[in-house]
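Working through the structure, step by step
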Amino acid sequence: MSETLTHLDDKGQANMVDVTQKQVTTREAHAVGYIEMSALALKLIKQGEHKKGDVFAIARIAGIQAAKKCSDLIPLCHPLMLTKVHVDFSIDDANNRVYVNTMCKLAGQTGVEMEALTACSVACLTLYDMCKAVDKHMKIGGIEVVAKSGGKSGDWQKVAD
């Protein structure tokens, strides 16, 4: 793996990477993160009783929309034609957490890690927004890429901690 910072030109200035000559390949990235909350907030989610409505449905839509808008948020990201964005949730009762799992996919010349991370982050933020009336002390954490495939660097998967 190269130690070169690809978003800097030879003068050290910010630079959008030129991917014109890169091969079009199927690229996919998976990210995960969590939001930790009170037992009451988690119970309301599980029972579908939050006053703002279906918390997971809103957070899923927010995550999908965020992936599509990633290049508007992260300055040097390429605008991408995503072909699939998936946002899913799993509940960890023992730790009062909701895990957010995201996947972004396309056929293109650059990877989709940033889109998967952005989808995960915004889905977590939306869960916070939807639940903050019940718990103002929620904590978002653990957001990371856990797998990617395609492109010149090939496939990669995080080894379990």
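As the structure is a prediction and not an experimental result, all values here were calculated from the model.

**Quick word on the side chain of T110**
- Turning to its location among the elements, T110 is positioned in the loop between β3 (97-108) and α4 (113-131).
- Setting aside its immediate chain neighbours within four residues, T110 contacts V19, R27, H78 and L80.

**Regarding the UniProt feature "active site" (unreviewed entry) in the chain**
- Within this structure's numbering, the places UniProt gives as "active site" (unreviewed entry) are D129.
- Examined against the element boundaries, D129 turns out to sit in helix α4.

**Considering the sheet that holds strand β5 (residues 156-157)**
- Reading across the sheet, the five strands line up as β2-β3-β1-β4-β5 and stay open at both edges, with antiparallel pairing between neighbours. Each edge of the open sheet carries a strand with a single partner, namely β2 (84-92) and β5.
- Pairing analysis gives nine bridges linking β2 to β3, with the strands arranged antiparallel. What sits directly across from D92, in β3, is R97.
- Lying on the sheet, helix α2 (residues 55-68) is in contact with β2 and β3; it crosses β2 at an angle near 140 degrees.

**Details of the UniProt feature "binding site: substrate" (unreviewed entry) in the chain**
- The UniProt feature table records "binding site: substrate" (unreviewed entry) at L76, C77, H78, M114 and E115. These annotated residues cover 40 residues of sequence, and their C-alpha atoms all fall within 12.5 Å of one another, placing them together at a single site.
- Dropping the residues within four chain positions of it, L76 is found in contact with H7, A14, N15 and M16.
- Relative to the assigned elements, M114 resides in helix α4.

**Notes on the environment of A160**
- Within the fold, A160 resides in the segment after β5.
- For A160, a relative accessible area of 70% gives the class exposed.
- For the pair A160 and T102, spaced 58 residues apart in sequence, the C-alpha separation works out to 17 Å.

**Topic: unusual backbone geometry**
- With phi around 50 degrees, N96 is a residue other than glycine that occupies positive phi space.
- If you trace the backbone, N96 turns up in the loop between β2 and β3.

**Notes on the side chain of H78**
- Along the chain, H78 falls in the loop between α3 (70-73) and β2.
- In this structure H78 comes out as buried when scored by relative accessible area, which is 16%.
- One polar contact links the side chain of H78 to the main-chain carbonyl oxygen of V17, over a distance of 2.7 Å.
- Apart from residues lying up to four places away in sequence, H78 is in contact with M16, V17, V19, S71, T110 and E115.

**Things to note about the nonpolar core**
- Counting residues in each nonpolar core, the largest one holds 31 residues, and the members touching the most others are M37, F89, V98, V100 and L127.
- Listing elements by their share of this core, those giving two or more residues are β1 (25-36), α1 (39-47), α2, β2, β3 and α4.
- Considering each element in turn, this core owes the most residues, nine residues, to α4.
- In this structure, L127 is in contact with I35, V55, F56, A59, F89, V98 and V100, ignoring residues within four places of it in sequence.

**Details of the pairing of strand β4 (residues 139-149)**
- Where β1 lies against β4, eight bridges are found, and the strand directions are antiparallel. Bridge assignment links H30 to a residue of β4, and that residue is A147.
- Strand direction decides the pairing type here: β4 and β5, joined by two bridges, are antiparallel. From the neighbouring strand, A147 faces β5, where its bridge partner is Q157.

Parameters at a glance
Residues numbered from 1 in each chain as written. Predicted model: local features only at pLDDT ≥ 70, side-chain atom pairs only at ≥ 80, totals over all residues. Heavy atoms only, no water. Helix = DSSP H or I, 4+ residues; strand = E, 2+ residues; numbered from the N terminus. Contact = heavy atoms within 4.5 Å. UniProt positions renumbered as here; feature names shortened; annotations may be inferred. Pairing = 2+ DSSP bridges. Axes fitted to C-alpha atoms, helices over the stretch in contact; angles between N-to-C directions. Buried < 20%, exposed > 50% of the residue type's maximum accessible area, 1.4 Å probe, protein only. Polar contact = N/O pair within 3.5 Å; in protein donor to acceptor, adjacent residues only side chain to side chain. Core = buried A, V, L, I, M, F, W, Y, C linked by side-chain atoms within 4.5 Å.

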